[in-house]
Each structure stands twice: as C-alpha cells, then as structure tokens.
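Below are the chains, spelled out letter by letter.
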Amino acid sequence: MYKATILMLAVVATVMAGTVNFVFEGAGITPIGGWGENLSSGLAGGLYGNWLFSPKFRAGLGIEGTVFGDANQGSASFTQMKPMGNVSLFLRPHGAVFNPGLVMGFGYCRSRLSSGGGIDPVSWDPFWRAGIRWNFSLGSPWRAGLGLDLEGIMASGKSGDAFRLTFGVSREVQL
Amino acid sequence: MKKAVTMVGVILLIFFLGCESNPLYFRLSSDYFPISPAGATWEYSIAGGGSRIVTVVDQIVTGERPCWRLQSGADYSYWINEGGKLEKYEDHTVLFNGFEVPIYQAWITMFQWPLANGMTSRDSVSAQAVSQGVTLSHTWIRNQTVAGPEVSPDGVWSDCYRIHQEEMVINWIQTAGFAPETTISVRNIWLAPDVGIVMTQSADSLITLTSFTGGEE
C-alpha cells in the first residue's frame, strides 16, 4: 500500500511539474459514537503532497496512519490506514500569522482490530474528512498549521465518525 | 496530463478491487452481552423439550459492587459489564456431610471487550476450605477461544462471535476414601450484537434463543 501511494505521488509529481506543498501532520483523534467505547483516543500521523493549482487552491494525495489503544488497560489495539485525495483552499496563502483555510479529504480507510491475541477481518471502507486550518509561517520556507476536522468512515452497519485535532508543518517545493 | 490521470485511476482501481468491507465499526459499537436495563428478557428453547426464560430483574449490590441481577427459573446470577469486561459473581459451595461448605466467592471475568477472531484467554480459580477437620479443595480452569464474525448455526443472527470454552473442574475432599473428581466440559456459545447469547451447544444440550425483548431504560 505504501509503495502504491508513493508510486502515485511520484507519477503525479513527475508529470505535473510545478509547486508542491508537502505537509506532515500529526493528530489526536476522538471517536464519536459507541465504536470507540473500548478504545482510547487515537494518535495519527500523515504525509500529504498537494499540487498548487493557484496560491490559494491546492489538491493532491496523502496517506495517514492512526492507532488506538485499549481504553481499559487491556490488550486491544485498533489501527487505520487512509490513502486519500485532498483539496484545500487557503484565504491568505502568504499571511505570516493568519492564513485560514478549509480542507477536505476523500479516500479509503483500512481498519484493523486486534484484541487478546486475535485479529478481526480487516475492513476497507470509503471515508471523508472536512476541517478548518489556521496556517502560519515558521520562517521561510516552513509553515505550520493547527486544525480541527470531522471525519466519517462509511462502513456498513455503522459509520466510524471522529473528531481530529491536528498540528502540521509544511513547505513548498518547486519541481 | 490525461495519461497521468488514467494511470492513477488504473492503479487505484487495481488497488481497491481486492479490498473488502465488513461491519467492523458496527461490531465495535455493539453490546455483545446486554445485561441491562431491567426487564430485558431472553426466551430459549432446549433441544429435546423444555424452555428457559432469563430476565434482568434489578440492580443490587453483591460482593461489595453494584451489579445487575438476572433470574432464570428459581436461580439468580449477578453480572457487571463495565471497564471493558463482563464479570459474573461466583459463590461456590460444596456439599459435605450434609453441610454446604463455602469454598469461594469472587467476581470472575467471563469476556474481555472488544472480542476479536482468534482471541484466547485462560482463567482459573484454586481455593480450599476446611470443614469438620477435612480439607475441601476446588480447582477451576477455563480456556476460551473466540471465532467469528459468523452467522449463528440457526441462520438467524449475523455478526456473531462464537466462544469455544473448555472447562475443567477438580473437586477433592482430602480424606481417606475420596479421590479427586475431575469434570471436563466443552461448549460453544454464540453471542449476537446487542442481543447476547443466542445459542449454547454442548455435548448433551443445545439451547437456542427464540425471542429477545430489550428492557426499558
């Protein structure tokens, strides 16, 4: 899966020379609804490459991994892997202190539960994400962003919804 | 540009064709042993004749902990479903020389949540008591393996977990003329989401859920 995503990124980046904004983002995830009852809050890390169609509008691909532990000091763990496409719109792309933005993501989520030495069948489900960002400069060429997202994994029977609090660093690379 | 989009599309198509979806989030959010609220009732039929009705009666304090009391016929059992596990209160006694001798009283973990295919656990109790100068010992060992998700054998309930239990009980009255008595029992229990036990199968019995009524919150 990593290889496929890296390959896709490479293909897109090679064919469409221009400016790409690379973002590394970490997040704390809180499940909404009963699916997270026996799980702790999650930690996520993701890497995104977004093509700058204009200074304000970006679109690209990314991949994120999330891990949840056991809420009751047991042995359960739950992981998610999300290859996705992203679009984002930033209102003041060169703002040093305040560059508000909207982000959306669509992709697939691979969910895997292990507990007590057992592993449930892995599930692949479509997922979406929408959120807001407060982007600011860390000194050229680096920027950072704080954000809040709502995401939903459209699994059969019950969706896996969650809130995300994110912090990311990014830089633009001229290809 | 067109080539790139086509290439990415083909890669994504190949990538996702082999991916399967299943109701994992539904199972995670379901209660596989709903012992509350009061009024919940399970009606079982017993193969070969007979039936059993289990009802959640009320919430009381037993073994110094608040728990739910379930009634089946004239018997009561006591359950707690919190902290990621289901516990049952065991009050074990042995009949010796006409006296009921208490051996142990304890909360025993029945299941840990969340269940997952291949999950295993081993629980045991070893206790003894002295009555009329004679030591009575009791050993209980239970190995459990979880399988699923699967449809219950009667085809009624989906996304069930099957709990395979192997239980060994050794009772020993440690005096002349008594040898340790060992009993081994094997059973399969099917748990359905938001319903609980829907079928129990052992070497000499088959118990099937015929109706379930949730209680009122």
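For the structure itself, consult the block above.
Attention here is on the structure that accompanies the text.

1. As for the nonpolar core
Then, number 1: Phe 33, Trp 42, Leu 70, Leu 86, Phe 111, Leu 115 and Leu 191 of chain B are the most contacted members of the largest nonpolar core, which totals 30 residues.
Then, number 2: Put simply, the parts of the chain that give this core at least two residues each are strand 1 (41–46), strand 2 (51–62), strand 3 (65–72), strand 6 (99–112), strand 9 (160–174), strand 10 (181–192), strand 11 (196–202) and strand 12 (205–213) of chain B.
Then, number 3: When residues of this core are assigned to their parent elements, the largest contribution, four residues, is made by strand 10 of chain B.
Then, number 4: Not counting chain neighbours up to four residues away, the residues in contact with Phe 33 of chain B comprise Trp 79, Asn 81, Leu 86, Phe 111, Trp 113, Leu 191, Gly 196 and Ile 197 of chain B.
Then, number 5: Grouped together as the second largest cluster of nonpolar side chains are 20 residues, Tyr 48, Phe 78, Met 84 and Leu 113 of chain A included.

2. A short note on the pattern of salt bridges
Then, number 1: Enumeration over the complete set of coordinates arrives at 18 salt bridges over all chains.
Then, number 2: Of the charged contacts in the structure, one is a salt bridge between Asp 123 of chain B and Arg 142 of chain B, with a shortest N-O distance of 2.8 Å. Taken together, the residues Asp 123 of chain B in strand 7 (residues 120–131) and Arg 142 of chain B in strand 8 (residues 134–150) connect sequence positions 19 residues apart.
Then, number 3: For Arg 142 of chain B, a relative accessible area of 1% gives the class buried.
Then, number 4: Glu 167 of chain B is paired through a salt bridge with Arg 187 of chain B; the nearest N and O atoms lie 3.4 Å apart. Taken together, the positions of Glu 167 of chain B in strand 9 and Arg 187 of chain B in strand 10 put the pair 20 residues apart, joining distant regions of the chain.
Then, number 5: One network of salt bridges, with partners in common, ties together Glu 25, Glu 64, Lys 82, Arg 129, Arg 133, Asp 149, Glu 151 and Arg 164 of chain A.

3. Structural notes on unusual backbone geometry
Residues and elements named next belong to chain B.
Then, number 1: A cis amide bond, omega 0°, links Ser 36 with the succeeding residue Pro 37.
Then, number 2: With respect to the secondary-structure elements, Pro 37 resides in the loop between helix 2 (24–29) and strand 1.
Then, number 3: Between Gly 148 and Pro 149 the backbone carries a cis peptide bond, its omega angle lying at 5°.
Then, number 4: Relative to the helices and strands, Pro 149 resides in strand 8.
Then, number 5: One non-glycine residue with positive phi stands out, namely Asp 159, at about 55°.
Then, number 6: Mapped onto the elements, Asp 159 comes out in the loop between strand 8 and strand 9.
Then, number 7: On the accessibility criterion, Asp 159 (14% relative accessible area) is buried.
Then, number 8: The phi angle at Asp 194 is positive, at roughly 60°, despite the residue not being glycine.
Then, number 9: In this fold, Asp 194 is placed in the loop between strand 10 and strand 11.

4. Considering the sheet that holds strand 4 (residues 75–82) of chain B
All names here are of chain B.
Then, number 1: Strand order in the open sheet formed by 12 strands is 6-5-4-3-2-1-12-11-10-9-8-7, and the pairing between neighbours is antiparallel. Edge positions in the open sheet fall to strand 6 and strand 7, since each of these has one partner strand only. Across the sheet, the mean angle from the axis of one strand to that of its neighbour is 25°, orientation sign disregarded.
Then, number 2: In terms of strand pairing, strand 4 meets strand 5 (residues 85–96) through four bridges, oriented antiparallel. Each residue of the ladder has a partner; that of Glu 82, found in strand 5, is Lys 85.

5. Digging into the pairing of strand 8 (residues 142–153) of chain A
Residues and elements named next belong to chain A.
Then, number 1: As paired strands, strand 7 (residues 123–139) and strand 8 are joined by 12 bridges and run antiparallel to one another. Across the sheet, the residue bridging to Ser 137 is Arg 143, located in strand 8.
Then, number 2: With 12 bridges joining them, strand 8 and strand 9 (residues 160–174) adopt antiparallel strand pairing. Bridging across to strand 9, Asp 149 finds its partner in Arg 164.
Then, number 3: Hairpin remark: strand 8 followed by strand 9, antiparallel, with six residues in the connecting loop; positive phi at Gly 157, about 90°.

6. A closer look at the side chain of Ser 30 of chain B
Then, number 1: Mapped onto the secondary structure, Ser 30 of chain B falls in the loop between helix 2 and strand 1.
Then, number 2: Apart from residues no more than four positions distant in its own chain, Ser 30 of chain B is found in contact with Pro 193 and Asp 194 of chain B.

7. Section: the packing of aromatic side chains
Then, number 1: All told, the structure shown has 15 aromatic pairs over all chains when counted by the stated rule.
Then, number 2: Seen in terms of ring centroids, Trp 35 of chain A and Tyr 25 of chain B are 5.1 Å apart; in terms of plane orientation they differ by 75°. Their pairing is edge-to-face. Of this pair, Trp 35 of chain A sits in the loop between strand 1 (19–32) and strand 2 (39–52) while Tyr 25 of chain B sits in helix 2, each in a different chain. Per residue, the accessibility class of Trp 35 of chain A equals that of Tyr 25 of chain B, and both read buried.
Then, number 3: Across from the ring centre of Phe 127 of chain A, 5.7 Å away, lies the NZ or CZ of Lys 82 of chain A, which sits over that ring.
Then, number 4: In this arrangement the basic side chain of Arg 65 of chain B is found over the ring face of Trp 107 of chain B, its NZ or CZ atom lying 5.4 Å from the centre.

Basis of the calculations
Residues numbered from 1 in each chain as written. Chains lettered and ligands numbered in written order. Predicted model: local features only at pLDDT ≥ 70, side-chain atom pairs only at ≥ 80, totals over all residues. Heavy atoms only, no water. Core = buried A, V, L, I, M, F, W, Y, C linked by side-chain atoms within 4.5 Å. Buried < 20%, exposed > 50% of the residue type's maximum accessible area, 1.4 Å probe, protein only. Helix = DSSP H or I, 4+ residues; strand = E, 2+ residues; numbered from the N terminus. Contact = heavy atoms within 4.5 Å. Salt bridge = Lys/Arg side-chain N within 4 Å of Asp/Glu carboxyl O. Pairing = 2+ DSSP bridges. Axes fitted to C-alpha atoms, helices over the stretch in contact; angles between N-to-C directions. Phe/Tyr/Trp six-rings, centres within 6.5 Å; stacked < 30°, edge-to-face > 60°. Lys NZ or Arg CZ within 6 Å of the ring centre and 35° of its normal.

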